[in-house]
Protein chains: 2
Amino acid sequence: MTTTKTRELTALARQLRVDSVRAAAAAGSGHPTSSMSAADLMAVLLARHLQYDFERPEHPGNDRFILSKGHASPLLYAAYKAAGAINETELLTFRRQGSRLEGHPTPQRLPWVEVATGSLGQGLPVGVGMALSGKRLERIGYRVWVLCGDSELAEGSIWEAAEHAGHEHLDNLTAIVDVNRLGQRGPTRHQWDLDAYARRFQAFGWHTIKADGHDVDDIDRAYAEARSTLGQPTVVLARTVKGKGVESVQNREGLHGKPLPDADEAIEELGGVHDVRVDVQPPPPARMLHPVRSGHLELPRYEIGDGENAVAPRDAYGQALAALGTARGDVVALDGEVSDSTRSELFAKEHPERFFECYIAEQQMVAAAVGLAARGWVPYASTFAAFFTRAYDFIRMASIGGADINLAGSHPGVAIGADGPSQMGLEDLAMFRAVHGSTVLYPCDANQTAHLVAAMAEQRGVTYLRTGRGALPVIYGPGEEFPVGGSKVLRMSDADRLTVVAAGVTVHEALAAARLLADEGIQVRVIDLYSVKPVDRQTLRAAAERTGCLLTVEDHRQEGGLGDAVMDAFVDGGPVPRVVRLAVRTMPGSAAPQEQLHAAGIDAQSIAAAVQLLVEQAVVK
Amino acid sequence: MTTTKTRELTALARQLRVDSVRAAAAAGSGHPTSSMSAADLMAVLLARHLQYDFERPEHPGNDRFILSKGHASPLLYAAYKAAGAINETELLTFRRQGSRLEGHPTPQRLPWVEVATGSLGQGLPVGVGMALSGKRLERIGYRVWVLCGDSELAEGSIWEAAEHAGHEHLDNLTAIVDVNRLGQRGPTRHQWDLDAYARRFQAFGWHTIKADGHDVDDIDRAYAEARSTLGQPTVVLARTVKGKGVESVQNREGLHGKPLPDADEAIEELGGVHDVRVDVQPPPPARMLHPVRSGHLELPRYEIGDGENAVAPRDAYGQALAALGTARGDVVALDGEVSDSTRSELFAKEHPERFFECYIAEQQMVAAAVGLAARGWVPYASTFAAFFTRAYDFIRMASIGGADINLAGSHPGVAIGADGPSQMGLEDLAMFRAVHGSTVLYPCDANQTAHLVAAMAEQRGVTYLRTGRGALPVIYGPGEEFPVGGSKVLRMSDADRLTVVAAGVTVHEALAAARLLADEGIQVRVIDLYSVKPVDRQTLRAAAERTGCLLTVEDHRQEGGLGDAVMDAFVDGGPVPRVVRLAVRTMPGSAAPQEQLHAAGIDAQSIAAAVQLLVEQAVVK
């Protein structure tokens, strides 16, 4: 016999289906069938388990809900409507220009969305980051609920997340998998074999619960069990039917991402339009964590000099980050099992409670940073510059979601030496420059590095710092300022015949080249373009006007890096200077750092030779 | 009682350790301790199980060996020496400039290396690609052996590979995991808990064998069991000691990636320098597969026109790929569970035996393409342009290994419409341009697409094709040629006041803008820059000379894409034209395709307005 509770939940689920169908019909696109499979899962969560105050999305005690299968956005918006957060009229603006209800949800537009989804396999890893915050930092009892699709379990990032959550015993995390058997193109690998998924999650240390995803009582039982499970994260594996409730579409291939063929008929079959409202249970009172800020940042100070005074930018990174962590209790650090190389170990030693070892799982590391940022922390995640390529999709999605994250890539370029190309970041500047709203910084000296590490904490969006491996001369005093978007003119005279634009290791090569050239009677200007994005238009334009020609020198591929960044100063239709570009154009092998710079044609000797050639060719004045 | 066999294997292993220590000592860098842990595993493989003809690395019957833990290269080179493939003198050139023996092995330099490794978690996924070739295409009985580190099992890509291999029952694949407990920074998550790893691999359908990684007989037994296991891939989980054999370093933290403190003492402790040679068993005779080539390629032909004649580039991609597959038996296709969107399903329908469904696992998809390319196939792998960001590290490593792979990204840019930014490829041109030796193509019409699909088969390195989602007018006849590195001047006159450079969808916007402007008496040149890399210097320079100003228009971020590519024509110190850049500078939401182009400021109206402004400002003549 059906209880009142069961009837109410079923009615709510039916309405979520109807509203999903209506939203997609109004839009003429979207994913109603992927929403219909998960409608019962969502109804029971909303009415019986989620603790959330829709009027106070910033409430520290709120549970967190992440729609990892972001394409099921009609279901999410239907749930918002049922909860009274949006109205009928807004629901039907789905996917229209200017609507908050995008094809895939983003926190940029909707206050109840925790993170941008739509690239599959990302919601769970980000949820791990939030659960880590709840458990290790905020120590608030909120639960993180992540609704996943079955298709996305093929993504390796899901298993990075499973490993991390299992190992950290994140019992405040529940994954709900909508096993509807059908992906976009056709059946998934395991179809309705819930045991196949259960074996995998169990192996990674999770508690697993199988459920009938269309039996609201069974779902209720599963969620209750998840909430009462201690010491392990839980996954609810729910057998569902894609397009459930409408005979003409349910469990049929070829209907992914399409509105229902006959929406009116489908709505009738589903019981018609209703306006059921659900009272979502508010969270218990919780204390917002206000991390301590000493307000006084004592950055490391380095003496100007070479030789014994030379310092690797990565060393300055670690030291500055540790100091920043002392001054600000909201700064956290993450690393991909290379903290002895990136030097984030210096932070880990001083602030172990705010350091997250992510092992060699760069996707999970960036995702955890996004999750921590969503909870108000200021994350710095570090690995080799080269290995951020592993997480590019996560970085891209972080920017879509407006996450404020700081990433530090050590071991850039051929200057790392003998390890060879697999360990050299040679595409990182291109990759990060192309990210919307990003900031890209590339220091050449320890004091500069330290100041930029501090400045990153105030930046919005994705901020990247490229920290060199080898020791470099300290050329700036500890009191020098390095505003983001600025640059430093290190050498100039009225007789300058050309401007060399460099950053990081090539700044020192450029300075050495300038000295060699001065001996030959050729004066050149040298600019340290430590802020690769945004770029210092004014200084570059002034140099171009005065010297006519710019020679860019970078320890990076010739595409998308410093050379291209310089052009950002000249794309408004004004006069453009002559440009010559030195960059890494061949595939390096193993060799000593200085040999590498020479072989790539970006050392002092190569720079001087290029300038001399330009003088001979009368390209420069 | 120790048998002769055991003694010989032990002696060989001891020599591999000694030679690893010597190579790193000579180099002054490298990873001897990571080599020493796996020396017994390597010795037994080399002497008793690997079937390989070092004089004929191209032998089709050869087993394939992949060092997934690429930093243990001293062990690999020590093995090559024991097998007589390299000599003592060469061994000691390790990591020197010009040596074939790089810090991490690459097939570009050594004929016995199957794939470049050094970025962890990639060897096994590539091995899956080779095993797929052996089992499904070549039907030769070779075995693929992959030596993994324990640290790299944290990478999600390992589990994408485990899933793929388990599901495909790749019993010709053996993973050997050197469980030495220590990563770079310190202990791994599971240390010596072999069962933790066993549970995970078993859950993914693998046969698992635990072994004492320093007991040559136990290892021998494990390999024999792996070779005789049918219907499942096998993983040998070997408990080992990092730095095994040298008391002062073994099982100690802080020694990763460093030569031994006292190499001479270590060599003595290990039994001194010897010159044991091992006779590696040759493979049985095998027939090299010569895929059928009809030699006659019948590309699809599209009629010029708009409206009913309009064709989406992705449709032309699928149709051309299917045709290419008919003409060439060596063409294979892979897709990330979106073949109905990318249209690679057209290939799958016609050539199911050469189609590989990789589900939503883009890293594994690109890795499989690399593995298939290593076996001589010509792979085309497709997914949404946006989702290749997931595999950027694999693409980067493919280029380091010199793999010839073709990648096709559909759904680029804001032009996809209502799905929103998570599905829009907006960084793909930047990402692919920065890859060394890459080719980047971006067609605007169906005939152009078809010709470029065919041309890709002849390209070396990483070749990327950006295939638009929506139908576009056909503007070229089917007989037109589109050489890589070329461009098309679509509109020109002596009165041109500016040149609009476009590609893909913006070509049509540029043409429409040119017509609007012509009505106002303003003539502009229009260039279709379908070859983004390499770029057509000559045509761009001629246009710059004649029209003075270039306006680039792209459905991509302003960094690293078409606008930056155009600059490649002007970085040799010659005169640079004035440049104005239209690109996607905001974060799009959901909207119809034409609304998106307008909102991004890259539609015909925006282009025309920009030109008019430049005319008013007298920037153009």
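Please read all numbers here as calculations on a predicted model, not as lab measurements.

**With respect to the domain arrangement of chain A**
Residues and elements named next belong to chain A.
- Per the domain assignment, the segments making up chain A are domain 1 (4–269), domain 2 (307–467) and domain 3 (488–616).
- The C-alpha-based centres of domain 2 and domain 3 are spaced at 25 Å.
- Facing the 30 residues of domain 2 at the interface are 33 residues of domain 3.
- Summing the contributions of domain 2 and of domain 3, the shared interface buries around 2,200 Å²; its carbon and sulfur component is 57%.
- It is V414, R433 and Y442 in domain 2 that bury the most area against domain 3; as a group they hold 32% of the surface buried on that side.
- There are 1 salt bridge connecting domain 2 and domain 3.
- The partner of D568 in a salt bridge is R433, with the nearest N and O atoms 3.1 Å apart.
- Between domain 2 and domain 3 we count 21 residue pairs in polar contact (both at pLDDT 80 or more) in total.

**Quick notes on the interface of chain B and chain A**
- On the side of chain A, 103 residues touch chain B, which itself brings 103 residues to the contact.
- If you sort the residues of chain B by the area they bury against chain A, R185, R189 and R390 of chain B come out on top, with a joint share of 10%.
- Applying the counting rule to chain B against chain A returns 18 salt bridges.
- A salt bridge links R185 of chain A to E337 of chain B, with the nearest nitrogen and oxygen atoms 3.8 Å apart.
- Counting every contact that joins chain B to chain A gives 60 residue pairs in polar contact (both at pLDDT 80 or more).
- Residue composition of the side of chain B that touches chain A, by class: 36 nonpolar, 36 polar and 31 charged.

**As for the relation of the copies chain B and chain A**
- Placing chain B over chain A gives an RMSD of 0.0 Å and needs a rotation angle of 180°, together with 0.0 Å of translation along the axis. Both chain copies can therefore be described as sitting about a two-fold axis. For chain B, the residue whose C-alpha comes nearest the rotation axis is G156 of chain B, separated from it by 1.8 Å.
- Take the interface residues of chain B: 100% of them recur as interface residues in chain A, which is what a same-surface contact looks like.

**Side note on helix α18 (residues 505–519) of chain B**
All names here are of chain B.
- The end-to-end C-alpha separation of α18 is 22 Å, in line with the 21 Å expected for 15 residues at 1.5 Å each.
- Inspection of α18 places V505, T506, V507, H508, E509, A510, L511, A513, A514 and L517 among the buried residues, and these make up the whole buried set.
- Along its buried surface, α18 packs onto β12 (488–491), β13 (499–502), β14 (525–528), β16 (549–557), α21 (593–599) and α22 (604–616).
- Phi turns positive, to about 85°, at G521, one or two residues after α18.

**A closer look at unusual backbone geometry**
- Between K533 of chain A and the following residue, P534 of chain A, the backbone shows a cis peptide bond with an omega angle of -5°.
- Assignment of secondary structure puts P534 of chain A in the loop between β15 (531–533) and α19 (537–547).
- A positive phi angle is found at Y359 of chain A, which is not glycine, with a value near 55°.
- The buried category is assigned to Y359 of chain A, whose relative accessible area is 15%.
- In this structure, N251 of chain B is a non-glycine residue whose phi angle is positive, near 60°.
- Position of N251 of chain B among the secondary structure elements: in the loop between β5 (234–239) and α10 (263–269).

**Some points on the pattern of salt bridges**
- Applying the stated rule across the entire model yields 84 salt bridges over all chains.
- For R185 of chain A, the salt bridge goes to E357 of chain B, with nearest N and O atoms at 2.5 Å. On the criterion of chain membership, the pair formed by R185 of chain A in the loop between β3 (173–179) and α8 (194–203) and E357 of chain B in strand β7 (residues 355–357) is interchain, its members lying in two chains.
- A salt bridge links D404 of chain A to R460 of chain A, with the nearest nitrogen and oxygen atoms 3.0 Å apart. Separated by 56 residues along the polypeptide, D404 of chain A in the loop between α15 (392–400) and β9 (405–410) and R460 of chain A in the loop between α17 (446–456) and β11 (462–467) bring together distant segments of the chain.
- Beyond isolated ion pairs, a larger network of salt bridges with shared partners links D19, R22, K81, E88 and D275 of chain A.

**Considering the nonpolar core**
- Counting residues in hydrophobic clusters, the biggest one holds 307 residues, and the most contacted among them are I395 of chain A together with I395 of chain B.
- Among all residues touching I395 of chain B, those that are not within four sequence positions of it are V366, F388, L407, M431, F432, V435 and V462 of chain B.

**What about the pairing of strand β2 (residues 144–149) of chain A?**
All names here are of chain A.
- Most of β2 is tucked away, with 6 of its 6 residues classed as buried.
- As judged from the 4 bridges shared by strand β1 (residues 64–67) and β2, these two strands associate in the parallel manner. The residue bridging L67 from the neighbouring strand is L147, located in β2.
- Here β2 pairs with β3 via 6 bridges, running parallel. The residue of β3 that forms the bridge with G149 is D178.

**Thoughts on the sheet that holds strand β2 (residues 144–149) of chain B**
All names here are of chain B.
- Read from one edge of the open sheet, 5 strands run β1-β2-β3-β5-β4, paired in parallel fashion. The open sheet has two free edges, formed respectively by β1 (64–67) and β4 (207–212), since each of these has just one partner strand. Strand-to-strand twist in this sheet, taken as the mean axis angle between neighbours without regard to direction, amounts to 20°.

**So, the side chain of T506 of chain A**
Residues and elements named next belong to chain A.
- Counting through the fold element by element, T506 comes out in helix α18 (residues 505–519).
- Since its relative accessible area comes to 0%, T506 is described here as buried.
- Those residues within four positions of T506 in sequence are excluded, and the remaining contacts are V553, E554, D555 and I602.

Reading the values: the criteria
Numbering of residues begins from 1 in every chain and follows the order in which that chain's sequence is written. Chains and ligands are labelled by the order in which they are written, letters from A for the one and numbers from 1 for the other. Thresholds applied to this predicted model are a pLDDT of at least 70 for local features of residues and 80 or more for the giving and counting of side-chain atom pairs; totals over whole chains, interfaces and linings are not thresholded and use all residues. Just so you know, side-chain values use all the structure's heavy atoms and leave hydrogens and water out. An automatic or database domain assignment provides the domain bounds reported here. Between two residues, a contact is recorded if the distance between any of their heavy atoms is within 4.5 Å. When two parts are put together, the accessible area they lose, computed with a 1.4 Å probe and summed over both, is reported as buried area. Any Lys or Arg side-chain nitrogen located within 4 Å of an Asp or Glu carboxyl oxygen qualifies as a salt bridge. Polar contact criterion, stated in full: a pair of N or O atoms within 3.5 Å, where within protein one must be able to donate a hydrogen and the other to accept it, and residues adjacent in sequence count only if both atoms are side-chain atoms. We call Asp, Glu, Lys and Arg charged. Ala, Val, Leu, Ile, Met, Phe, Trp, Tyr, Cys and Pro are nonpolar, and the rest, Gly among them, are polar. Only residues with pLDDT of at least 70 in both copies contribute their C-alpha atoms to the least-squares superposition of the copies. Here a strand is any run of E in DSSP of at least two residues, a helix any run of H or I of at least four, and the numbering for each starts at the N terminus. Expected helix span is computed as 1.5 Å times (number of residues minus one). Relative accessibility thresholds used throughout: buried, under 20% of the residue-type maximum; exposed, over 50%; partly exposed, between the two (1.4 Å probe, protein chains only). Here, nonpolar core refers to any group of buried Ala, Val, Leu, Ile, Met, Phe, Trp, Tyr and Cys residues whose side-chain atoms link them within 4.5 Å. Pairing between two strands requires that DSSP report at least two bridges joining them. For helices, the fitted line uses only the C-alpha atoms of the stretch in contact; every axis is such a line through C-alpha atoms, and the angle between N-to-C directions lies from 0 to 180 degrees.

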